[in-house]
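# A closer look at the structure
Now for the letters of each chain:
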Amino acid sequence: MDAQGRGRADNIDPADQWVLNPNTGDYELRLNPSAGQSAVPGPRRSPQRPTGRRGQTGQSRQNGRSREEQDSREVPGQRRRRAPQPEPPGRRRSRPKKKSRAKKALLWTGGTMAFVMVAAAGGVYLYLRHLDGNINTTDVVGAKNGFSKDEAFNILIIGTDKRTGKGNEGYGDKNSVGHADTNILLHVAKDRSNATALSIPRDLVVDIPACQVRQKDGSLTTISGTPDQRFNTSLGQEGRDAGCTMATVKAVTGITPDHFMMADFNAVKTLSTAVGGVDVCVAKPVNDPDSHLKLPKGHSVVEGEQALAFLRTRHSFGNQGDLDRIKVQQQFLGSLARKMSSGDTLTSPTKLTSLAEAATKALTVDKGIGSLSHLKDIALELKKVPPKNISFITTPVIDNPADGVVHKTVIVNPTTAPQVFSMIKDDVSLTETKKKEKAAEQAKLKGPKSAASDVRVDIYNGSETVGAAQQTLTWLQNNEGVTKSTQLGNAAKVAKTTLEYAPDQADQARRLADIMGLPASALKPGKSEKNDQGLPAMILTLGGDFKGAGTPIAAPSKAPDNVEKSTADKTVCAK
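Positions within a chain are numbered from 1, following the residues in the order the chain's sequence is written. With the structure being a predicted model, the display of local features is reserved for residues of pLDDT at least 70 and the display and counting of side-chain atom pairs for 80 or more, all residues being used for whole-chain, interface and lining totals. The basis for the side-chain values is all heavy atoms of the structure; hydrogens and waters are excluded.

Numbering of helices and strands starts at the N terminus; helices are DSSP runs of H or I of at least 4 residues and strands are runs of E of at least 2. Locating glutamine 330 in the fold gives a position in helix 8 (residues 322-340). Identification of polar contacts relies on pairs of N or O atoms within 3.5 Å, with a donor-acceptor requirement for protein atoms, meaning one able to donate a hydrogen and the other able to accept it, and with residues adjacent in sequence counted only if both atoms are side-chain atoms. Separated by 3.2 Å, the side chains of glutamine 330 and threonine 394 make a polar contact. A contact between two residues is defined here by any heavy atoms of the two lying within 4.5 Å. Residues in contact with glutamine 330, not counting those within four places in the same chain, are Ser199, Phe392, Ile393, Thr394 and Ser566.

What follows is the structure, encoded as structure tokens:
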């Protein structure tokens, strides 16, 4: 039996069986002999050192003690093990298991991965901060503060002709301060079922309204309005900023832009390159000496300088004017939208990074959306709209009669343009994708109608139009025979026109709805009020959708037939 076995047999800790002898400096095995066993001899001793040297042997002689006496008196005794603790019945005692190498490696790897993830998260945060720093912002009057994901929104996209950036010296007007060369009002429906991109020609002659521009010190300067000017001078001219362009859009269309995004020539080059090129199509070969665009007939992929040349080409398409160039721009934007939302782009980290860098560097936006978070929200909301329901349309125009024989500018078509503006303002899709009103809603318009002379109604003005109630009263009485009508002045401002009536006035409500072009949603059955004569009268409150006496309140259900439009899901070859 070895020493370790003997120790266990005598309930002695094996670690205590070897002890240091202070007289010899050696470790010696000390065991208490078990019954029936002889004593174990000690270790061999080293030869005695000379007495002339200081050592253990000299000390032994000097003390006059025998070796045995020293062993018995000076060597510490063995420690006994503690009595084993009783174990719970039914359980076996097990030794603690050592961690395997695999588990140790796993723990080390897990800790490393956690560190890497934290480091990566920090890197992502720093990169997002970097992208945030790329964005240029301008504090303009008229832009909303922030972005709401639960509402319809209008963003004015402006492309300037300012020659900023490397390689742009040969483009645009050499002395331009940066005019509104390309203008698109993007409306995204509240339910995200559709969107409309309305192009506004740069050569559209309009009255530019007075506007306020914020200076570097925070003060506001008012810039006087100017009549009969090209639309593109709403930016840059006389120190006007993008807020002035937004104000001009509202004056021309009646639609209020919520925000703006502005890009220069570099934006086209960098964005088209970031997505790996944009697919375009031409109906014939193009070799334009002015824009330096060279393309074969059919489909091509353009990016960088070639993409910019494609958008700036006028003399190779249509009647060589701005209106045909707008069609080419719409084709390009539709193709870019398809490319940006494609799986090839969205699943490529390289393309996404390049796109994020390009988009944030290329854009100047108002402070209300001047953060990566807001721009991301806008992109995600727009992504909800199917490309087939993104409509491109140009403001309906006619030649400007003031030009004489040579037509250089255009004016708004007074016949068809108001209908298009009304549809956008009232959130009606040009692709007819909005859900039809519920049958119960439509049923309010069905049934017998009273005579116009029997309609009794009180009229209130809750619109922004001064005198709207009086205008409506005069028109109803003089033109439509609604003689039992009264106007009672202003009411609180409301967005939509409403008609409240008692159940026994439903036939009167249907007649007035027919006369005024009220939608079914405007009819609110419930109660009426007593007029000056003490008789029950319906309550008509004109809202923000009031366009003028005699003009139907309900928005048109579709665009005029003679207005050309396209959708983002289709490729149209430029002619």
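Only one rule defines a salt bridge in this text: a Lys or Arg side-chain nitrogen within 4 Å of an Asp or Glu carboxyl oxygen. Throughout the structure, instances matching the rule amount to 18 salt bridges. Among the ionic pairs, aspartate 139 bridges to arginine 214, the shortest N-O distance being 3.0 Å. In this pair, aspartate 139 is assigned in the loop between strand 3 (136-138) and strand 4 (153-160) and arginine 214 in strand 8 (residues 211-214), connecting sequence segments 75 residues apart. To sort residues, take the accessible area from a 1.4 Å probe on protein chains only and compare it with the maximum for the residue type: under 20% means buried, over 50% means exposed, and anything in between is partly exposed. For arginine 214, a relative accessible area of 32% puts it in the partly exposed group. The residue arginine 192 makes a salt bridge to glutamate 381 at a minimum N-O spacing of 2.8 Å. Of this pair, arginine 192 sits in the loop between strand 5 (180-188) and strand 6 (195-199) while glutamate 381 sits in helix 11 (residues 372-383), and the two are 189 residues apart along the sequence. The class for glutamate 381 is buried, based on a relative accessible area of 6%.

What you see with strand 8 is a clean split: Cys211 and Val213 sit on the buried side and Gln212 and Arg214 on the side with no burial. In this analysis, strands are considered paired if DSSP registers two or more bridges between them. In this sheet, strand 9 (residues 220-223) lies alongside strand 8 in antiparallel orientation, the contact comprising 4 bridges. Residue pairing across strands places glutamine 212 opposite threonine 222, the latter belonging to strand 9. The loop that links strand 8 with its antiparallel partner strand 9 comprises 5 residues; one of these, glycine 218, has a positive phi angle of about 95°.

Our next topic: the nonpolar core. What makes a nonpolar core is a set of buried Ala, Val, Leu, Ile, Met, Phe, Trp, Tyr and Cys residues whose side-chain atoms join them at distances within 4.5 Å. In terms of nonpolar packing, the biggest core is built from 29 residues, with Leu156, Ile158, Leu198 and Phe260 touching the most fellow members. Mapped onto this core, the elements with two or more residues apiece are strand 4, strand 5, strand 7 (205-208), helix 5 (242-253), strand 11 (259-263) and helix 12 (417-425). Considering each element in turn, this core owes the most residues, 5 residues, to helix 12. Dropping the residues within four chain positions of it, phenylalanine 260 is found in contact with Thr138, Val140, Ile155, Leu156, Ala242, Met246, Thr364, Val365, Asp366 and Ile369. Grouped together as the second largest cluster of nonpolar side chains are 26 residues, Val457, Leu473, Ile515 and Met538 included.

Note on terminology: pairs of cysteine sulfur atoms within 2.5 Å are recorded as disulfides. Applying the stated criterion across every chain, the model contains 2 disulfides. Sulfur-sulfur distance for the disulfide between cysteine 211 and cysteine 244 comes to 2.0 Å. Its S-S torsion of approximately 85° makes the covalent link between cysteine 211 and cysteine 244 right-handed. A residue pair is termed long-range when its members are at least 10 positions apart, and cysteine 211 in strand 8 and cysteine 244 in helix 5 qualify at 33 residues. The residues cysteine 211 and cysteine 244 share a single accessibility class, namely buried. The disulfide that involves cysteine 281 links it to cysteine 573, with 1.8 Å between the sulfurs. On the S-S bond that ties cysteine 281 to cysteine 573, the torsion sits near 70°, and the link is right-handed. Separated by 292 residues along the polypeptide, cysteine 281 in strand 12 (residues 278-282) and cysteine 573 in the segment after strand 26 (565-567) bring together distant segments of the chain.

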